[in-house]
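Structural characterization, general
Chain residues, written in single-letter form:
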Amino acid sequence: MIESEPPRRQALGFLLLYALAAAGGAIAYVPFLTLLLPARMAELAGANDVQWLGYMTFFGALAASVAGIFFGWLSDRTGGRRLWVALGLVMTVALLLAMPLADNMPALLGLIIAWQFSLNMILGPLAAWAGDVVPDEQKGLLGGLLALSPALGAWSGAIVTLPGITGFEERLGVVAAMIAAAILPALLFGRPRSFPELMRPDPSGERRVTMPAARMWLARLLVQIAEAALFAYLYFWFRSIDPAMGDNEKAGIFSVALTVAVPVALFAGRWADRNDRPFAPLVVTAIVSAIGLIGMALAADPTSAKLAYLVFGIATTAFLSLHAGQTLRILPRAEHRGRDLGIFNLANTMPSLIMPWLTLSLVPGFGFSALFLLLAALTTAAVLLLATMPRRA
């Protein structure tokens with residue numbers, strides 16, 4: 001009797017639970033860093049809020065960079081991902097609820113650094129878990145599903161700024177509850193199919209950095225600089241365009257962009273899987289992202305500014321989600337997957353070290369338009385890097 005081969009596809013149920021857990025990470029930081037923290041800093045720092053936001057972003061990114069590599073490495077050494085995700089969940093929620101205790105900027109900065117460590121205790125091992133159990137044939141679908149993360153993160157921002165939810169402490173409590181509700185189902189009920197070939201160590205033992213990996217890393221870095229700038233300063237840019245715009249409207253626009261990106265990323269990811277063209281959707285979405293940035297630089301009124309941001313937000317979210325899925329294709333070494341993803345994740349955290357100084361050097365003298373034109377040029381460079389990638393990296 002001939003035994004049938006094990007299925008080459010991961011169960012859709014697990015992929016959905018995993019996508020929800022990944023969204024829990026976004027729920028942890030999107031509403032907090034884009035809405036609640038800037039508003040809190042406006043109370044504590046006054047006119048120095050933009051400068052303090054730069055410091056918060058810089059030192060928070062340093063902590064995230066170190067923690068991503070360290071906890072990815074720990075999850076490799078211990079042979080398990082769930083334990084670290086669970087510990088990170090407990091610490092992240094606890095530190096989030098402790099934020100109201102900081103009544104001055106240095107204390108708030110200390111809590112932010114500790115919170116970034118705990119958050120990356122979740123994110124690093126969670127990313128490596130996908131590499132352990134999702135075959136290449138579903139990397140595009142995985143990337144599409146990961147677009148749910150920023151979308152649900154944005155909707156959580158819209159929820160915590162509803163008129164009925166007031167006060168810093170109450171909003172943080174709602175965020176903490178949503179984080180737990182998103183991550184716990186995967187930890188408790190996620191039972192992925194095993195793919196032994198994904199867990200085999202590299203027989204060559206080589207530690208070279210391949211050209212596709214270097215191109216993918218640099219392309220993400222360039223696009224992520226633009227995303228990080230808008231992520232951190234969207235609140236202030238909208239305030240400069242339309243001072244009357246409320247927090248809930250800002251969160252709503254952010255949510256619309258990220259929600260529309262979900263079907264876009266899912267369609268593009270499934271197309272990439274079916275046609276064996278993993279990198280083509282990345283090129284297209286990066287081009288549209290650059291167009292959106294140019295539109296933002298030229299926007300002369302609130303309506304055109306919002307439309308240009310929607311173009312940028314949809315394209316950039318789809319790009320980053322699809323890129324995350326395909327990154328697992330080019331970093332296949334199972335024995336160091338968590339560590340290597342932590343190193344690759346520097347493309348996500350380094351922009352937060354670069355972006356504050358770009359913003360502080362350009363915006364005060366030349367306005368946000370100059371910043372957006374520079375970001376469009378960087379995104380165009382990412383297009384050139386990806387357009388020359390081989391079909392099979």
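Read on for a plain summary of the structure.

1. Observations concerning the packing of aromatic side chains
- This structure, assessed with the given rule, holds twelve aromatic pairs.
- A centroid spacing of 5.9 Å and a plane angle of 75° characterise the contact between Phe238 and Tyr309, whose relative ring orientation is edge-to-face. Of this pair, Phe238 sits in helix H8 (residues 211-241) while Tyr309 sits in helix H11 (residues 302-330); the two residues are 71 residues apart in sequence, bridging distant segments of the chain. Exposure class is identical for Phe238 and Tyr309. Each is buried.
- Ring-pair connections join several aromatic residues into one group, and the members of that group are Trp237, Phe238, Tyr309, Phe312, Phe368 and Phe372.

2. Focus: the environment of Leu222
- Among the secondary structure elements, Leu222 is positioned in helix H8.
- When the C-alpha positions of Leu222 and Ala114 are compared, they lie 27 Å apart, and in sequence the two are 108 residues distant.
- Here Leu222 is in contact with Leu378, Ala381, Ala382 and Leu385, once residues within four sequence places are set aside.

3. Here's the deal with a nonpolar patch on the surface
- Taken together, Val284, Ile287, Val288, Ile291 and Val311 make up a surface patch of nonpolar side chains, about 380 Å² in accessible area.
- A per-element tally of the nonpolar patch places helix H10 (residues 280-298) first, with four residues.
- Mapped onto the elements, Val284 comes out in helix H10.

4. Side note on the pattern of salt bridges
- Summed over the entire model, instances satisfying the criterion amount to seven salt bridges.
- Among the ionic pairs, Glu43 bridges to Arg40, the shortest N-O distance being 3.4 Å. With Glu43 and Arg40 both in helix H1 (residues 12-45) and three residues apart, the pair spans about one turn of that helix.
- Note on Glu43: relative accessible area 61%, which makes it exposed.
- The shortest N-O distance in the salt bridge between Asp132 and Arg337 comes to 2.7 Å.

Parameters and conventions
- Residues numbered from 1 in each chain as written.
- Predicted model: local features only at pLDDT ≥ 70, side-chain atom pairs only at ≥ 80, totals over all residues.
- Heavy atoms only, no water.
- Phe/Tyr/Trp six-rings, centres within 6.5 Å; stacked < 30°, edge-to-face > 60°.
- Helix = DSSP H or I, 4+ residues; strand = E, 2+ residues; numbered from the N terminus.
- Buried < 20%, exposed > 50% of the residue type's maximum accessible area, 1.4 Å probe, protein only.
- Contact = heavy atoms within 4.5 Å.
- Patch = residues over 30% accessible without salt bridge, like charges linked within 9 Å, V, L, I, M, F, W, Y side chains within 5 Å.
- Areas by Shrake-Rupley, 256 points an atom, 1.4 Å probe, with all protein chains shown as cover.
- Salt bridge = Lys/Arg side-chain N within 4 Å of Asp/Glu carboxyl O.

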